[in-house]
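Letter by letter, the chains look like this.
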Amino acid sequence: MGVKLGILGLGTVGTGTVQLLLDNLGRHPLLQEIEIYRVGVRSLSKPRTVELPEGVITTDLESIVTDPAIDIVVEVLGGLEPARSLILKAIRSGKHVVTANKAVIARYGDEIFTLAEQAGVCVMLEAAVGGGIPVIQPLKQSLSVNRIHTVIGIVNGTTNYILTKMQTEGSSFEDVLADAQKLGYAEADPTTDVDGLDAADKIAILASIASGCRVDLSDVYCEGIRQVSKTDITYAEKLGFVIKLLAIAKKITPSLSSPLSVRVHPTLVPKEHPLASIYGVNNAILVEGEPIGQVMFFGPGAGAGATASAVSSDILNIVAALKTEKAINEEILKQELENKPTSKIALHNQLLTARHQEDCQIAPITELVTQFYARFLTKDQPGVIGKLGTCFGTHGVSLELVVQTGFQGQLAEIVVVTHDVREGDFRKALTEISTLEAIDSIPSLLRVL
Ligand SMILES: NC(=O)c1ccc[n+]([C@@H]2O[C@H](COP(=O)([O-])OP(=O)(O)OC[C@H]3O[C@@H](n4cnc5c(N)ncnc54)[C@H](OP(=O)(O)O)[C@@H]3O)[C@@H](O)[C@H]2O)c1
Ligand SMILES: N[C@@H](CCO)C(=O)O
Ligand code: NA
């Protein structure tokens, strides 16, 4: 039996996937049953690093998603359109879909999974989060009997690379970003990565899969890393932390019906925490559930080979299911020929499809309870620390640590770390503090893991 693929896109991920599928010896034998039937691209004249038979590559993407011969459509175009419309059209045409497109799934997952459920097809997305790291399928299958209460990820390689360089070389955000762009690690327009938007897409997806309910992207609180300074990295280091851009989905109370807090922000991570030692472009996702405890997934979050591994394993899961379906239907056909009453079955493996149908209850950021790190620039006069302490105390904010080690010009620099506090209370205290005559500015405000 040959399973026919229509691949949309032959860029980094598409090329890596085609290479892996063509070079299939020594891998799972089911790969040998896959035929790369059509590949859709934008430009026919662009040089390609993979060789495909004449006529396989086309610019007519619509004809791929509606071709009756094709079993699985692999969407590795990127961007919102035409990716979304092609995915929907493929599903309407009864195709199973594999995608690496976190932007489309985070925004239109609702529409896509509802339609897939109606059509009885699978939409698989392992490469969309954590690139090559298996995390979507483990959450859907191996961990699905657990009550997952926390998912914390370093899910954006670009920002982890920038923060790592700032930490190890003492460079500024702007200098490291410029270097990363020269080396091709960061995009010419770095907004999606450095402002946390890519990580927000990814945690919306992880939160939905881990919790079994749908998370709307607009409910994900998001701060990027532009405001993280060399000064804060140095203070964090002295206090026993590293700064990481974390994507977090966490129940705010232990109860089963607790709302979820879903957020992306730079965070002070204690040096001994497993996520503190994830350096460079690597990704890691820590999952906590009952009864399993903590599990951490680590590896390459991007790159041709890594994403090809994820995309191809999604394809393989569908091929295996199709093969079972075909064997059963052949048996049914045999019985029909023997005049026994039968009906054909369609593939509906609940561990491959999405189970989230209801919307999640999301806690507003003001309800978050966390520790904070804040840095103040103040006039160098007696009683300033006392006034800060009084304002915090009035709003029920208890301080774990207050340090004044340096000056910036004429201004004293004071750093505080709070105990756990409700974010809404902390913000009220800061509003009052910012009106104090002795306070020049509050250059940094970071949460502590
Ligand atoms: N790169 C990674 O490491 C990585 C990791 C995880 C997830 N992803 C996701 O994987 C997806 C693909 O990323 P990529 O890095 O492989 O992108 P890419 O290198 O830019 O490749 C995009 C491919 O899609 C084709 N394409 C784009 N728009 C098209 C259109 N309107 N009509 C026809 N063809 C079109 C391009 O055709 P031409 O070749 O003719 O230009 C190209 O082959 C994205 O959703 C991305 O977020 C990527
Ligand atoms: N821009 C992403 C690529 C993989 O999604 C990153 O930096 O991690
Ligand atoms: Na993955």
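Here is what the cut-offs are and how they apply
Residues numbered from 1 in each chain as written. Chains lettered and ligands numbered in written order. Predicted model: local features only at pLDDT ≥ 70, side-chain atom pairs only at ≥ 80, totals over all residues. Heavy atoms only, no water. UniProt positions renumbered as here; feature names shortened; annotations may be inferred. Helix = DSSP H or I, 4+ residues; strand = E, 2+ residues; numbered from the N terminus. Near = heavy atom within 4 Å. Polar contact = N/O pair within 3.5 Å; in protein donor to acceptor, adjacent residues only side chain to side chain. Areas by Shrake-Rupley, 256 points an atom, 1.4 Å probe, with all protein chains shown as cover. Nonpolar A, V, L, I, M, F, W, Y, C, P; charged D, E, K, R; others polar. Disulfide = S-S within 2.5 Å. Buried < 20%, exposed > 50% of the residue type's maximum accessible area, 1.4 Å probe, protein only. Donors = N, O, S within 2.8 Å, 3.2 Å for Na, K, Ca; no water. Contact = heavy atoms within 4.5 Å.

### Points about the UniProt feature "active site" (unreviewed entry) in the protein
Part 1 of the reasoning: Look at the UniProt record and you will see "active site" (unreviewed entry) annotated at K202.
Part 2 of the reasoning: Along the chain, K202 turns up in helix α9 (residues 197-211).

### Quick notes on the site of ligand 2
Part 1 of the reasoning: As a matter of local geometry, ligand 2 sits amid K102, N156, G157, T158, D193, D198, K202, G301 and A302.
Part 2 of the reasoning: Note that a nitrogen atom of ligand 2 is positioned 2.9 Å from one of the side-chain N or O atoms of D193.
Part 3 of the reasoning: In the complex, the protein chains occlude 80% of the 260 Å² of accessible area that ligand 2 would expose alone.
Part 4 of the reasoning: Among the secondary structure elements, those contributing two or more residues to the shell around ligand 2 are α6 (157-169) and α9.
Part 5 of the reasoning: Taken together, the residues of the shell around ligand 2 sort by class into one nonpolar, four polar and four charged.

### Quick word on the site of ligand 1
Part 1 of the reasoning: Around ligand 1 sit 22 residues, and of these L10, S43, K46, R48 and G303 come closest.
Part 2 of the reasoning: The separation between an oxygen atom of ligand 1 and a polar main-chain atom of T12 is 3.0 Å.
Part 3 of the reasoning: Contact distances for ligand 1 include 3.0 Å between an oxygen atom and a side-chain N or O atom of K102.
Part 4 of the reasoning: Here ligand 1 loses 78% of its free accessible area of 890 Å² to cover by the protein chains.
Part 5 of the reasoning: Each residue belonging to the shell around ligand 1 can be placed in one class, and the counts come to ten nonpolar, eight polar and four charged.

### Quick word on the state of the cysteines
Part 1 of the reasoning: Evaluated as defined, the whole model comprises one disulfide.
Part 2 of the reasoning: Here C213 is linked by a disulfide to C360, with a sulfur-sulfur distance of 2.0 Å. Taking the sign of the S-S torsion, 85° for the link of C213 and C360, the bridge is right-handed. Pair noted here: C213 is in the loop between α9 and β8 (221-222) and C360 is in the loop between α11 (304-337) and β13 (369-378), with a separation of 147 residues, a long-range link.
Part 3 of the reasoning: Using a relative accessible area of 17% as the deciding quantity, one classes C213 as buried.

### What about the coordination of the sodium ion (ligand 3)?
Part 1 of the reasoning: E126 (O), E126 (OE), V129 (O), G131 (O) and I133 (O) make up the full set of protein donors to the sodium ion (ligand 3), lying at 2.3 to 2.7 Å.
Part 2 of the reasoning: Counting residues between consecutive donors of the sodium ion (ligand 3) along the chain gives the motif E-x2-V-x1-G-x1-I. One exposure class covers both E126 and I133, and it is buried.

### Overview of the environment of H265
Part 1 of the reasoning: Along the chain, the position of H265 falls in strand β10 (residues 260-270).
Part 2 of the reasoning: A relative accessible area of 1% means that H265 is categorised as buried.
Part 3 of the reasoning: Sequence separation between H265 and G120 is 145 residues; the distance between their C-alpha atoms is 37 Å.
Part 4 of the reasoning: Apart from the residues within four sequence positions on either side, H265 is in contact with E223, K244, L245, L246, I248 and R447.

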